[in-house]
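Understanding the architecture of this molecule
Single-letter residue listing:
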Amino acid sequence: MKISNTFTFTRVLLAPVFFIIYYLPLWIGSPVASPLQIASVCVLLPLLAFAEFTDFLDGYTARRFNEVSDFGKMFDPFADVFLHLSTFTCFMLAGYMPAVCYMLILYREFSQNFLRMVAAKRGTAIAARKGGKLKTVSYVVACFVSLVQEGLVRTGLAAAWGVDMQLFHMAGVCVYALCVLLAYVSFVDYLRNFGSVLKNAADGK
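These remarks concern the structure in this document. Just so you know, these numbers come straight off a predicted model, no measurement behind them.

What counts and what doesn't
Residues numbered from 1 in each chain as written. Predicted model: local features only at pLDDT ≥ 70, side-chain atom pairs only at ≥ 80, totals over all residues. Heavy atoms only, no water. Helix = DSSP H or I, 4+ residues; strand = E, 2+ residues; numbered from the N terminus. Buried < 20%, exposed > 50% of the residue type's maximum accessible area, 1.4 Å probe, protein only. Contact = heavy atoms within 4.5 Å. Areas by Shrake-Rupley, 256 points an atom, 1.4 Å probe, with all protein chains shown as cover. Lys, Arg positive; Asp, Glu negative; His and termini not counted. Charge placed at Lys NZ, Arg CZ, Asp CG, Glu CD. Core = buried A, V, L, I, M, F, W, Y, C linked by side-chain atoms within 4.5 Å. Phe/Tyr/Trp six-rings, centres within 6.5 Å; stacked < 30°, edge-to-face > 60°. Lys NZ or Arg CZ within 6 Å of the ring centre and 35° of its normal. Patch = residues over 30% accessible without salt bridge, like charges linked within 9 Å, V, L, I, M, F, W, Y side chains within 5 Å. Salt bridge = Lys/Arg side-chain N within 4 Å of Asp/Glu carboxyl O. Expected span 1.5 Å × (residues − 1). Bend = angle between axes of the 7 residues up to and from the residue.

Regarding its fold elements, the protein chain presents 7 helices and 0 strands. Over its C-alpha atoms, taken along the principal directions, the protein chain stretches across nearly 65 × 35 × 25 Å. Counting over 205 residues, the protein chain shows a buried share of 43%. In the protein chain, the proportion of contacts linking residues at least 24 apart, taken out of those at least 6 apart, comes to 80%. With the model as given, the accessible surface of the protein chain reaches about 10,600 Å², and the carbon-plus-sulfur share is 72%. Between the centroid of the 17 positive side chains of the protein chain and the centroid of its 12 negative side chains there is a distance of 9 Å.

What follows is the structure in structure tokens.
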């Protein structure tokens, strides 16, 4: 496997790892501020940071070692969505991410994936565009905002420091609303540029 694709595959592997570590203290019934709860935060933060950093590494190595390929153009956004939907599921179930935002993003990502599949079948690899990259940045920010909130609760620091978690929660909701907005703006951009491929496929041309 090419180095760039290895970095991309790392995100796919780390997605379920994040999910398991996030929920392990809850499955066991570990109390707030327990060693396991604190340890989970200490692992989740750098794990997510590294997983997101591989998104930079795969693009850098692909360009640096001339490994850019149609497969990589499709594998990279797939890995991004795989990771972010895994983390969003955690945060939606925890109450940080509004369910409506989660479903709207889910619909968008499945629609985008369908567009990529149709385009690929017709010999066109859809690479990430600027709007899609900006959308991904908003996803990353949203993930860390929620993870920091959860970290403050799990470690007991929210209560100890008197953090206004309601205000923090509202800020997080605003970030998720921005994610939805950017997700659909970028999707419209993809449709404007590649919608003809979808139309021709539907018309049997």
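Resuming the write-up.
Once that is clear, we can look at the nonpolar core. Counting 30 residues, the largest nonpolar core has Phe-18, Tyr-22, Phe-88, Phe-91, Met-97, Ile-105 and Tyr-176 as the members making the most contacts within it. Among the secondary structure elements, those contributing two or more residues to this core are α1 (3-28), α2 (35-64), α3 (70-93), α4 (99-121), α5 (130-154) and α7 (165-202). At 6 residues, α3 tops the list of elements feeding residues into this core. Here Phe-91 is in contact with Phe-18, Tyr-22, Tyr-96, Met-97, Cys-143, Ser-146, Leu-147 and Tyr-176, once residues within four sequence places are set aside.

Moving on to the packing of aromatic side chains. Per the stated rule, a full pass over the model turns up 14 aromatic pairs. On the basis of an interplanar angle of 75 degrees and a centroid distance of 5.7 Å, the ring pair of Phe-88 and Tyr-176 is categorised as edge-to-face. You can see Phe-88 sitting in helix α3 and its partner Tyr-176 sitting in helix α7, a full 88 residues away along the chain. Residues Phe-88 and Tyr-176 agree in their burial class; the two are buried. Grouping aromatic residues by their ring pairs yields a cluster made of Phe-18, Phe-19, Tyr-22, Tyr-23, Trp-27 and Phe-91. One cation-aromatic arrangement involves Arg-154 over Tyr-22; the distance from NZ or CZ to the ring centre is 4.5 Å.

Another point: a nonpolar patch on the surface. A surface patch of nonpolar side chains, amounting to about 490 Å² of accessible area, comprises Ile-20, Leu-24, Trp-27, Ile-28 and Leu-36. It is α1 that provides the largest number of residues to the nonpolar patch, a total of 4 residues. Summarising the element assignment, Leu-24 is placed in helix α1.

Turning to α1, a few remarks are in order. Compared with the 38 Å implied by 1.5 Å per residue over 26 residues, the 37 Å span of α1 between its first and last C-alpha is a close match. A maximum bend of about 30 degrees is found in α1 at Tyr-22, where proline Pro-25 lies one to four positions downstream. Of the positions making up α1, those classed as buried are Ser-4, Asn-5, Thr-8, Thr-10, Arg-11, Val-12, Leu-14, Ala-15, Phe-18, Tyr-22, Tyr-23 and Pro-25. Where α1 ends, the next residue or the one after it, Gly-29, has phi of about 85 degrees, a positive value.

Another point: the environment of Met-117. The residue Met-117 is located in helix α4 in this model. Look at Met-117 and you get partly exposed, because its relative accessible area is 48%. A C-alpha to C-alpha distance of 15 Å links Met-117 and Asn-193, two positions 76 residues apart in sequence.

Just distances and angles here, no functional claims.
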